[in-house]
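The chain contents come next:
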Amino acid sequence: MSAQYEVVIGLEVHAELKTDTKIFCSCPTEFGGEENTHVCPVCLGLPGVLPVLNKKVLEYAVRAGLALNCEIASFSKFDRKNYFYPDLPKAYQISQYDLPICKKGYLEIEVNGRKKTIGITRVHMEEDAGKLVHGGATIATSRYSLVDYNRTGVPLIEIVSEPDMRSAEEARAYMEKLKAILEYTGVSDVRMEQGSLRCDANISLRPMGAKEFGTKTEIKNLNSFRALQKAIEYEIERQRDILEEGGKIIQETRSWDEGKGVTVSLRSKEEAHDYRYFPDPDLVPVVIDPQWVQEIRDSLPELPDAKRERLVQEMGLSEYDAGIITGSRALADFFDQVVAEYNEPKTVANWIMGEFLRLLNANNLEVAESKVKPRSLAALLKAQAEGTISGKMAKTVFEEMFETGKEPETIIKEKGMVQISDEGALAAVVEKVIAANPQSVEDYKAGKEKAIGFLVGQVMKETKGQANPGLVNKLLKDKLG
Amino acid sequence: MDLYKKTAHELSSLLQKREVSSEELTRSVLDRINKVEEKVKAFVTVTGEQALEQAREIDEKRARGEAMSPLAGIPMAMKDNICTKGVTTTCASKILYNFVPPYNATVTEKLLEAGTILLGKCNMDEFAMGSSNENSGFFPTRNPHDLSAVPGGSSGGAAAAVAADEAVFTLGSDTGGSIRQPAAFCGVVGLKPTYGYVPRYGLIAYASSLDQIGPLTKDITDCALVLNVIAGHDPKDSTSAPVEVPDFTRYLVDDVKGLKIGIPKEYMGEGIDPRIAAYLKQAAAKLEELGAVCEEVSLPHTEYALPAYYIIASAEASSNLARYDGVRYGLRVEAEDVISMFCKTRSQGFGEEVKRRIMLGTYALSSGYYDAYYLKALKVRTLIKRDFDQAFLKYDCLLTPTSPTTAFKFGEKVNDPLAMYLSDVCTIPINLAGVPGLSLPFGTVEGLPVGIQFIGKPFGEGTLLRVGYALEQNTDLTKPKAQMEGVI
């Protein structure tokens, strides 16, 4: 980033709410399913139907708003956003316009050790549209397109930030924090790859110190953290190049081409829609009892920041480890559950940060999809602590647990992996190894400390890794004086 | 015995006494349809076979001694904007010419549960937009009292069907007078209930905040019986009022003593046919004779109702009708790309009046004009509602003409939309305020029926039925039927 410009970023994030049924009818919200099977006259917008608000949607929107430190409106309403598109069965989307359910919130991010508060302008409820399935490779080259309305009427919240971010890293940190909060509160399953969390970014540049905003562009549908960061970085460079050459930024909507690594124009301001918002006459205004809001507030779980603080203060984890573990509720819950069974937080954190995350990433799995249960990991760590198995064995056992979901005891038994800690049994092996490796014995005696490592390794080999390495070390040193 | 001529309550007692069967009755009405429909053209769809089958089922149930609602076995019809599962529902629009709903409207469900027999679907102005039935996308319905006159609109088919004895009763919908004005033109009873009293689920929307389903019947007693079936809270309709519904037949008492009735002066001035005004005075005199007190009252914002209505109704319509795009059902005109397909489908599928209102509504809601038109109209609506609130502090109900004129001739106003809009000037404010309005036949002018309108407090339907019943019991002016002989 050139010193003479300051970048201004605001994000609009759509999160699908994790309700069982749709926002205005009782169809299931379940992802997948055969096309057009999760539909009814109401979500298909057939002539004559009327929407009825799902109370759970309201509850989740309030819950998210409270977790984002928002004011909850005691009076709000639904409006219609009118536009034509084949996937929008009523040709309007029921959304909230001038009176959203939540406003004036904030969240805290941390980038390069610096904390920063990002304002949240509003959180509002709306319905999702359907999905077009093109007959060919792209929309332009398809002879026909089919519509799947399963997603139509799935409840969304749109979270609009203040233009408070000043770099792609901040935008990413905001998005990560937002994702964690939505996951902690349980209102969304925040799966970006399934589209249940989507992001549009508004980006503009202005001369350092200027108060006025520059002309902005909007990048639509960023569906991974990587895409978010890369697209913003690209767009900042693109805008800066234009400005430095004395050009003008055109206000437009752009999309991120992941393959080429560039943003491309979708439509300009001139083609922008006039949505003709007006209050939906089919829905009565939403009036909320403050008592109910309080009940929801009381039911909020410990949120990521508080949890991270606790992990550092009470469990002695590093800021970094605590940050990673609390970055996802599923991971943090996993950690808590292991610690509840095996109260060595640092060891548990090391295992989770090391083996567990490594295998999850390698297999592209979510925490929830893991076959290893917290109780089983705790059992494995106990076995290691009690000396039943060595640390190296533990890793082998864990890999198998991860693959098969078997209990550690079972694997240890099946493989005969019990550690040999019997001095008598090991002494014979040690004798044998000393006799077979005179050179190493000599080296050690001549002061080469390293040689003992080789001898330990040989004993381990003879015992198929089952010997207690500490004991072997001691026995060897005793023998060799 | 011409069964088709009788009222529902007369037929109900014949059915209960097993003097006639529902099948006989249904056949009688279907025969009547066969005989006069060519002239009247009240129906878009007649479901004769299904109706007879339904009637036989009801007869069997009755034979088994099952408990029956008072309307069980009575043949009825519905305006073609009320959804009927498996029966084409077109809104008299080319764009929905082949639409068969996979579900029933709540009122359809309620009427079928009550055992009524569905004869078919009645013609209307396309998407309920119009005051003469000349805007039907298919063909116009004629006034059974004079075939060269319009039946009114938009529930013209539903009103004509009752007037011509082609159905014992029908359901219409009323957005700005669409039940009451055709009821007046055709000489039948028409009620627009309080907004939210009758579920709208399954009523194909024209203007959601104004639309209300209501009955068209041969007399007040039938009106009460039908209202008993269709009114009540519906969990599928957020705007449905969560209130208890009384048995409306208990308001059928020949007594108006002590009732205070206001006559708004704004509804009696310029533009009102003096012969209609004279009938209105006659009705007031009769009510006073029966012990009511009638006084002049003022509703000062009345003159703004018409423009406010056309802004609000058109704005909502522009949005409600946007779903007819050729993608999922109804008409599709093939084209090279999706946008052209939308455009061609809508250009060819919608009629003139519908397009006019979509354009008007789109304009009124567009950015830059919203405040000047839509928002202003909402403010006017509040003022009009306040006028009624004020009047009802003092009066139990109000009395006005239903329409400024009797039924006009075909073609008379069709090229002058503003003149056409004026025919709803007495009914529109009632929809804006959300209060109930009842049109009762009261005399004729040159052989054409005159309607008078009673306006009630919210959920004050009982009072309207009471005054209507009292008039029915005490004057023959409420029965303009005899005039019709020889026309059809």
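Conventions we followed
Residues numbered from 1 in each chain as written. Chains lettered and ligands numbered in written order. Predicted model: local features only at pLDDT ≥ 70, side-chain atom pairs only at ≥ 80, totals over all residues. Heavy atoms only, no water. UniProt positions renumbered as here; feature names shortened; annotations may be inferred. Helix = DSSP H or I, 4+ residues; strand = E, 2+ residues; numbered from the N terminus. Rg over C-alpha atoms; globule rule 2.2 N^0.38 Å. Buried < 20%, exposed > 50% of the residue type's maximum accessible area, 1.4 Å probe, protein only. Contact = heavy atoms within 4.5 Å. Areas by Shrake-Rupley, 256 points an atom, 1.4 Å probe, with all protein chains shown as cover. Lys, Arg positive; Asp, Glu negative; His and termini not counted. Charge placed at Lys NZ, Arg CZ, Asp CG, Glu CD. Core = buried A, V, L, I, M, F, W, Y, C linked by side-chain atoms within 4.5 Å. 1 Å grid on protein atoms, 1.4 Å probe; cavity = no way out; pocket = protein on both sides within 12 Å on 5 of 7 lines; lining within 4 Å. Points joined across faces, edges and corners; volume = space filled by probe spheres on them. Salt bridge = Lys/Arg side-chain N within 4 Å of Asp/Glu carboxyl O. Polar contact = N/O pair within 3.5 Å; in protein donor to acceptor, adjacent residues only side chain to side chain. Pairing = 2+ DSSP bridges. Axes fitted to C-alpha atoms, helices over the stretch in contact; angles between N-to-C directions.

You'll find chain B entered in an unreviewed UniProt entry as Glutamyl-tRNA(Gln) amidotransferase subunit A, with Thermanaerosceptrum fracticalcis given as the organism. The Function (unreviewed entry) field of the UniProt record for chain B holds the comment "Allows the formation of correctly charged Gln-tRNA(Gln) through the transamidation of misacylated Glu-tRNA(Gln) in organisms which lack glutaminyl-tRNA synthetase. The reaction takes place in the presence of glutamine and ATP through an activated gamma-phospho-Glu-tRNA(Gln)."

As annotated in an unreviewed UniProt entry, chain A carries the name Aspartyl/glutamyl-tRNA(Asn/Gln) amidotransferase subunit B and is attributed to Thermanaerosceptrum fracticalcis. Of the comments in the UniProt record for chain A, the one headed Subunit (unreviewed entry) reads "Heterotrimer of A, B and C subunits."

Looking at this structure, I do not really get the overall build of chain B. What am I missing?
Looking only at helices and strands, one finds 15 helices and 11 strands in chain B. Whereas a compact globule of 488 residues would reach a radius of gyration of roughly 23 Å, chain B reaches 21 Å, a difference of no more than 12%. For chain B, the C-alpha atoms occupy an extent of roughly 65 × 50 × 45 Å along the three principal directions. In chain B, buried positions account for 65% of the 488 residues. Long-range pairs, those at least 24 residues apart, make up 76% of the contacts in chain B with a sequence separation of at least 6. Summing over all exposed atoms, chain B offers an accessible surface of approximately 17000 Å²; the carbon and sulfur share of this is 51%. Mean positive and mean negative side-chain charge positions of chain B (51 and 60 charges, respectively) differ by 2 Å.

Explain the nonpolar core here, please?
What tends to happen in soluble globular proteins is that the nonpolar side chains get buried as a cluster. Counting residues in each nonpolar core, the largest one holds 165 residues, and the members touching the most others are Phe-127, Leu-287, Phe-388 and Phe-454 of chain B. The greatest single-element share of this core, amounting to 9 residues, is contributed by helix 9 (residues 305–320) of chain B. Once residues within four sequence positions are removed from consideration, Leu-287 of chain B is found in contact with Val-256, Ile-261, Ala-292, Cys-294, Leu-399, Phe-454, Val-467 and Leu-471 of chain B. Listed in part, the 65 residues of the second largest apolar core include Ala-61, Ile-120, Met-125 and Leu-182 of chain A.

Teacher, can you tell me more about empty space enclosed by the protein here?
Which parts of space are left empty comes out when a probe the size of a water molecule is rolled across the atoms. In the structure shown here, the tally under the stated rule is 5 cavities of 30 Å³ or more. In this structure, the largest cavity encloses a volume near 120 Å³. Along the walls of the largest cavity sit 18 residues, with Phe-24, Val-42, Pro-51, Lys-90 and Ile-94 of chain A positioned nearest its centre. Here the second largest cavity is characterised by a volume of approximately 70 Å³. What lines the second largest cavity is Gly-48, Val-49, Leu-50 and Asp-282 of chain A together with Arg-200, Leu-203, Ile-204, Ala-205, Asn-320, Arg-323 and Tyr-324 of chain B.

How should the pattern of salt bridges be read in this particular structure?
Oppositely charged side chains can pair when the atoms bearing their charge come close. Within this structure, the stated rule accounts for 53 salt bridges over all chains. Across the pair Lys-5 of chain B and Asp-2 of chain B runs a salt bridge whose closest N-O atoms are separated by 3.7 Å. Classification of Asp-2 of chain B as partly exposed rests on a relative accessible area of 40%. Here the salt bridges share partners, and the residues they tie into one network are Glu-302, Lys-307, Arg-310, Arg-329, Asp-333 and Asp-336 of chain A.

In this structure, what is going on with the environment of Ser-132 of chain B? I would like to understand it.
All names here are of chain B. For Ser-132, the position within the fold is in the loop between strand 3 (117–122) and helix 5 (156–163). A C-alpha to C-alpha distance of 22 Å links Ser-132 and Pro-436, two positions 304 residues apart in sequence. When residues no more than four places from it in sequence are discounted, the contact partners of Ser-132 are Asp-125, Val-150, Pro-151, Gly-152, Gly-153, Phe-408 and Met-420. A distance of 2.6 Å separates the side chain of Ser-132 from the side chain of Glu-134, its partner in a polar contact.

Sorry, what's going on with the UniProt feature "domain: Asn/Gln amidotransferase" (unreviewed entry) in chain A here?
Per the UniProt record, "domain: Asn/Gln amidotransferase" (unreviewed entry) is annotated on residues 333–480 of chain A. End C-alpha atoms of residues 333–480 of chain A are separated by 50 Å, and the span's content is 73% helix alongside 0% strand.

Teacher, can you tell me more about the side chain of Thr-108 of chain B here?
Residues and elements named next belong to chain B. With respect to the helices and strands, the residue Thr-108 is situated in helix 4 (residues 106–113). The exposure class assigned to Thr-108 is buried, which follows from its relative accessible area of 1%. Beyond its immediate stretch of four places on either side in the chain, Thr-108 contacts Met-78, Ile-82, Cys-83 and Thr-84.

Mind showing me how you'd approach the sheet that holds strand 6 (residues 212–217) of chain B here?
Consider a sheet: its strands pair through backbone hydrogen bonds, and that pairing is either parallel or antiparallel. Residues and elements named next belong to chain B. The 11 strands lie next to each other as 1-3-2-4-6-5-10-11-9-7-8, forming an open sheet whose pairing is mixed. For this open sheet the edge positions go to strand 1 (43–46) and strand 8 (293–297), each flanked by a neighbour on one side alone. The average undirected angle you get between the axes of adjacent strands in this sheet is 30 degrees. Sheet topology note: the strand 1/strand 3 ladder contains 3 bridges and is antiparallel. By the bridge assignment, Thr-45 is partnered in strand 3 with Lys-121.

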